[in-house]
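For reference, the chains in residue letters:
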Amino acid sequence: MSQSLYIRKAAVLGAGVMGAQIAAQLTNANVETILFDLPAKQGPLNGVVNAAIARLAKLKPTPLVTPETASLIRRANYEEDLALLGECDLVIEVIAERLDWKRSLYAKVDPYINNTAIFVSNTSGLSIAKLAQVLPERLRERFCGMHFFNPPRYMKLVELIPNQQTLPMVLDQLETFLVSTLGKGVVRAKDTPNFVGNRIGVFSLLAVLYHTEHYNLSFTEVDALTGALIGRPKSATFRTLDVVGLDTLGHVVNTMDQELANDPWHQYYTLPKWYQALVQAGALGQKTGAGIYKKEGDSIKVLDVKTQQYIISEAKIDDTVLAILKIKDPKEKFTQLRANTHPQAQFIWAIFRDIWHYSAYHLASIAHTARDVDLTMRWGYAWQQGPFETWQTADWQFIAKLIQEDIAAKKTRVTMPLPAWVDQLDKGPYTAEGSYSPTTKKFEPRSDLPVYKRQFFPERMLAEKPPVTETVYETDAIRAWTTGDDILIVSFKTKANIVTMGVLNGLLSAILTAQDDGYKGLILWQAQGDNFSFGADLTTVATAAVKNDFAIVEQLIEKFQHVSMALQYATVPTVAAIRGMTLGGGCELAMHCTRVVAATETYMGLVEAGVGLLPAGGGIKEFARRAALKAKHDDLDSYLADAFNVIAMAKISSSAQEAKQLGYLQDSDVIIFNSDEILYVAKQQINALYESVYRPPLAQLIPVGGISAIANRELVLVNMKAGKFISDYDYEVGAKIAEVLSGGKIEKNSLVDAQWLLRLERENFVALAKQSKTQERIAYTLKNGKPLRN
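Reading the values: the criteria
Residues numbered from 1 in each chain as written. Predicted model: local features only at pLDDT ≥ 70, side-chain atom pairs only at ≥ 80, totals over all residues. Heavy atoms only, no water. Helix = DSSP H or I, 4+ residues; strand = E, 2+ residues; numbered from the N terminus. Buried < 20%, exposed > 50% of the residue type's maximum accessible area, 1.4 Å probe, protein only. Lys, Arg positive; Asp, Glu negative; His and termini not counted. Salt bridge = Lys/Arg side-chain N within 4 Å of Asp/Glu carboxyl O. Axes fitted to C-alpha atoms, helices over the stretch in contact; angles between N-to-C directions. Parallel < 35°, antiparallel > 145°, perpendicular 65-115°, else oblique. Left-handed = near helix turned anticlockwise from the far one by under 90°. Contact = heavy atoms within 4.5 Å. Nonpolar A, V, L, I, M, F, W, Y, C, P; charged D, E, K, R; others polar. Core = buried A, V, L, I, M, F, W, Y, C linked by side-chain atoms within 4.5 Å. Pairing = 2+ DSSP bridges. Right-handed = clockwise from strand over helix to strand, strands pointing away. Polar contact = N/O pair within 3.5 Å; in protein donor to acceptor, adjacent residues only side chain to side chain. Expected span 1.5 Å × (residues − 1). Arc of directions from axis to C-beta.

> What is the right way to look at the side chain of Asp81 in this model?
Topologically, Asp81 is positioned in the loop between β3 (74-77) and β4 (90-93). In this structure, Asp81 is buried with no salt-bridge partner, the nearest side chain bearing the opposite charge being Arg74 at 6.7 Å.

In C-alpha cells form, the structure reads like this:
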C-alpha cells in the first residue's frame, strides 16, 4: 500500500446526526458514499437513513456544499445491503458510544469488509484496543480510531488513534486522505480515554464549572470572561454547552469517570447537581429549547441555580479585571490576575493554572508532543492558542514557579507536582528544532509526510521560523514577492484586505512587473487572515459624500476597472487563490483572473446592493459576458434573470461549490478542500498554463438584453416591492443594476464591448453614491458592521 491511497467509495455505519454529517462531508468531496443504518420498523427499509438525509437540509450551518449534495448519498440498511461493503475502500463506524453495541455491529459487518479496506471508528473516547479485540486478525492491522469533531464540515480537527496492530502505512494513508481530500488537520493521539481533544477540552470545561461555583460567579459573568477576552470562541462556556448539548458532555464525562479512576484529577470528573437536574428534566440546551439559557420571546434568560427559574441576567466584568485582561504582555497579565483579589481575576487565573497543570501532567500519556495538544485545542475547540503556547508566551519557568507555589499552598484541588520535564525546559516546549516530547525527551519536528509539502505556509507554532520569501517590491498597501521561483505573488496589507487606491496602484504595477520581467504568472493570495477580501474601500465613498466631491470616487472606480481588465488580459496567466470571505471588490478581482483556485470554505458575493451601490469593478460586466457565453443559441434573458437575482439580492455563496452555481466561479476554476493548499495548487495552475504557451483571450463583442431585459427585471422588482420584500430604495438600486446588466436602453441582442458595460457601471455607481439613502447605508455599515434597510 502507498501513502496515496485513492478512496473511491466509502461507507458510513450509523445515520445519526454525526454519521449523516460525515457522509455529507465525504460526498461534498466527491467520494461516493453509502450511509447505513438499521432497517425501519415501518415503511421503506431505508426509512431511518432517508429521514437522516432529509434532516441535513435543516441543519445550520449547512453540512452540504450545495443543496443537491444530499441526493448523492446512497441509502442502505443492515438487513438488505451489507454486501455493498465489499465495494468500499473505507468503512467508518459512527454509532452510539456503547462498547457492546459497537462490538455487535463489528461482528455483523466483518464478513463483508474486503481485505484491502480500512475500517475506522469515530468514537470520541472509547478504547480502540478494546474495539479491535472482536475483529479478526485481517482487519486489526487496518483498524483505528478516526474521530471527527462536530460539525465535521467546519471543524478542522480529526484525531487518528491506532491500536497496537495498526499498520503505520494505514495511518499515513488516512492522514493524507484527511488532509488533502477532506481538508482536515490531523493529530495522532494515544489510545487513552477521550484521546487528546476531549480529554483536555472537557477537563477545561469541568474546571470552569468548578471554579464558577467556587468563586460564586454567575453563568453570564463566566461567559463574558471566557470568550474572546481570553482567546476562546465567542460562545464562551455555558452558551457552548447549550449548543453542543448538555447530555453530550455528560456522556464524555461519564467515560472519564469510569475509565480514569486512578487519575489524580478524578474528583473533577463529575457534573454539578444543577447540571444533572437539567439533563434529567430533558433541558439539554439548544436542541430542546432550554438548557442553561432559554429564549422567551425576544429575551434570552439564564438559569438561576438557587431558584431553578430562568431570569434576565446582565453580565458585568469588573473594570479592573477588564483592564488586566487587555494587557498585551502575557506575563504581566497573569501576574496581575493572580495578585488581584477580585473573584473574577482569581477565577481566570485558576482555570488557566489548572489546565496548565493538567496538560503538563498528562502530556506523556495522551499525546506525542506539546504541539499535538495545542493544535488539537486550536482545531477542535477553536482556541486561539493551546495551553502550552499560552504558558510559554507568559514565561515558562516563571509560570511553573507560580503553579508550584499554589500547589504547595494547597490552593489547587490536586496537589500532584508538575512533572520533572517541565523544570528541565528553560524556555518551554517550543524551540526552532520542534516541539517537546516527554516520551522521546526530544524536540520533535513536524510530520514529513509528502502531503504537507503542499502547504507552503501552515499554521505557525511558537519558535517556528517563517518560510524564506523574497520581496520584489512593497508599498504600504501591497507586497509583491516570490518563494524563490519565477511566479510573482501579490498580497494585500490593508485591514480586512480591503481594496484601496493603494492596493489598485500596487496591483497594476505587479501585473506590469510580471509581464515585463519574465515571470511565468501572477497569483493573488493573502498572507494575512483567513479571508481573501471584504471588498472595496467604502470609506472613500463616505468621505466623498461628506465633502460633496465625487471626483475621487470616479477615479477609484476607473482605476479599479483598469486593474480588473489588466488581470483578465495580462500576457501572463493570473490566478486568484481565495478562501473565506471574498466579497464585493475582492470578488470582482477574482472573477477577472485567468483562473481561480478556491478553498471549499470560500464565501463569494457581490454585496454592493446592501449598501445602496452596485458592483463597478467589472462584476456586472463579467456576469453579462458570462450570461452571453452560456446562452449561445438559447434565450439570453433567462441567463440574465439568474445573474440579476444573484447581484440584486447580494447573494453570498455558502461554499465555493455554490459559488460555481451562482456564477461567481467558472467551470474551469478549481476547488480544493484544504485552504492551506490553495497557494500550492495556484502555482501548479500557473505552471500548467505557462507550459501550454498561454495567451490571453481575445476581446469579443457581447450581445446584451437591452430594453426588453430591463423591463423584465423591473417587473420582478415591482412584484417584490408590492409584496414588501424590498423597500422603495431597494427598487431604485435594483433598477440601476438591471440597466447595467442589460447593456442599457438599447435594442435586444445589440453587440457592445466591455468598455460600454464598464461605463454604465461607473455612471450608475457614482449616481447612487450621491444619493442620501446610499450615504446613510454606507455610514451605518461602517459604524455597525451590518447593512441598513431604508
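> Explanation requested: the packing of helix α23 (residues 619-631) against helix α28 (residues 728-741) in the structure shown.
Helices that pack against each other are described as a pair by the angle of their axes relative to one another and the distance between those axes. Put simply, α23 and α28 touch, their axes get as near as 9 Å, and they point 50 degrees apart. The pairing of α23 with α28 is recorded here as oblique in orientation. Read as a crossing pair, α23 and α28 show a hand that is right-handed. Judged by residue contacts, Ile620, Phe623 and Ala624 of α23 engage Ile737, Val740 and Leu741 from α28. The class makeup of the residues in the contact of α23 with α28 is 6 nonpolar, no polar and no charged.

> Even after reading the chapter, I still don't get the nonpolar core, so can you show me in this structure?
Buried together is how nonpolar side chains tend to be arranged in soluble globular proteins. Membership of the largest hydrophobic core comes to 111 residues, with the highest contact counts inside it found for Phe36, Phe119, Ile292, Phe388 and Trp391. Counting residues per element, this core draws most heavily on helix α14 (residues 343-366), which supplies 13 residues. Ala510, Ile578, Ala643 and Val740 belong to the second-largest nonpolar core, a separate cluster that totals 87 residues.

> Explanation requested: the pairing of strand β1 (residues 9-13) in the structure shown.
A regular strand carries its side chains on alternate faces of the sheet. β1 sits mainly inside the fold: 5 of its 5 residues count as buried. Here β1 pairs with strand β2 (residues 32-37) via 5 bridges, running parallel. Looking across to β2, one finds that Val12 is bridged to Leu35. Following the backbone out of β1, through helix α1 (residues 17-28) and into the adjacent parallel β2, one traces a crossover that is right-handed. Where β1 meets β4, 4 bridges bridge the pair, whose relative direction is parallel. Looking at β4, one finds that Leu13 is bridged to Glu93.

> Teacher, can you tell me more about the side chain of Thr412 here?
Tracing the backbone through its elements, the reader meets Thr412 in the loop between α17 (396-408) and α18 (420-424). Separated by 2.7 Å, the side chain of Thr412 and the backbone oxygen of Val414 make a polar contact.

> Explanation requested: the packing of helix α21 (residues 551-568) against helix α29 (residues 754-769) in the structure shown.
Two elements in contact, α21 and α29, have axes whose closest approach is 10 Å; the angle formed by their N-to-C orientations is 150 degrees. It follows that α21 is roughly antiparallel to α29 by the angle criterion. As α21 packs across α29, the resulting crossing turns out to be right-handed. Along the contact surface, α21 presents Val553, Glu554, Ile557, Glu558, Gln561 and Met565, while α29 presents Ala754, Gln755, Leu758, Glu761, Arg762, Phe765 and Val766. Tallied by class, the residues present in the contact of α21 with α29 amount to 7 nonpolar, 2 polar and 4 charged.

> Mind showing me how you'd approach the sheet that holds strand β17 (residues 487-492) here?
Remark on secondary structure: sheet strands pair via backbone hydrogen bonds, oriented parallel or antiparallel. Strand order in the open sheet formed by 7 strands is β15-β16-β17-β18-β19-β20-β21, with mixed pairing between adjacent strands. At either end of the open sheet lies a strand with only one pairing partner, and these are β15 (470-474) and β21 (670-672). With strand direction ignored, the average angle separating the axes of adjacent strands in the sheet is 25 degrees. Taken together, the 3 bridges between strand β18 (residues 521-524) and strand β19 (residues 574-583) define a ladder with parallel strand orientation. Pairing of Ile523 across the sheet is with Val575, part of β19. Relative to the sheet, helix α22 (residues 584-591) contacts β17, β18, β19 and β20 (595-605), its axis offset from that of β19 by approximately 155 degrees.

> Any chance you could explain the pattern of salt bridges here in plain terms?
Should the charged atoms of two oppositely charged side chains come close, the side chains can pair. Within this structure, the stated rule accounts for 40 salt bridges. When the shortest N-O distance is used, the salt bridge between Asp100 and Arg98 registers 2.8 Å. Between Arg777 and Asp730 there is a salt bridge whose closest N-O contact spans 2.8 Å. Placement of Arg777 in helix α30 (residues 772-784) and of Asp730 in helix α28 is noted, with a sequence separation of 47 residues between them. Assessed through its relative accessible area of 0%, Arg777 is described here as buried. Of the residues examined, Asp730 reaches a relative accessible area of 13% and is grouped as buried. Salt bridges sharing common partners tie together Arg338, Arg353, Asp354, Lys401, Glu405 and Asp406.

> Any chance you could explain α30 here in plain terms?
Because the α-helix completes a turn every 3.6 residues, residues three or four places apart line up on one side. In this model, α30 (13 residues) spans 18 Å end to end at C-alpha, consistent with the 18 Å of a helix rising 1.5 Å per residue. Residues of α30 that are buried: Thr774, Arg777, Ile778 and Thr781. Buried residues of α30, viewed axially, fall in a sector of 95 degrees; they line one side. Buried residues belonging to α30 abut α20 (538-547), α28 and α29. Gly785, located one to two residues past α30, shows a positive phi value of around 75 degrees.

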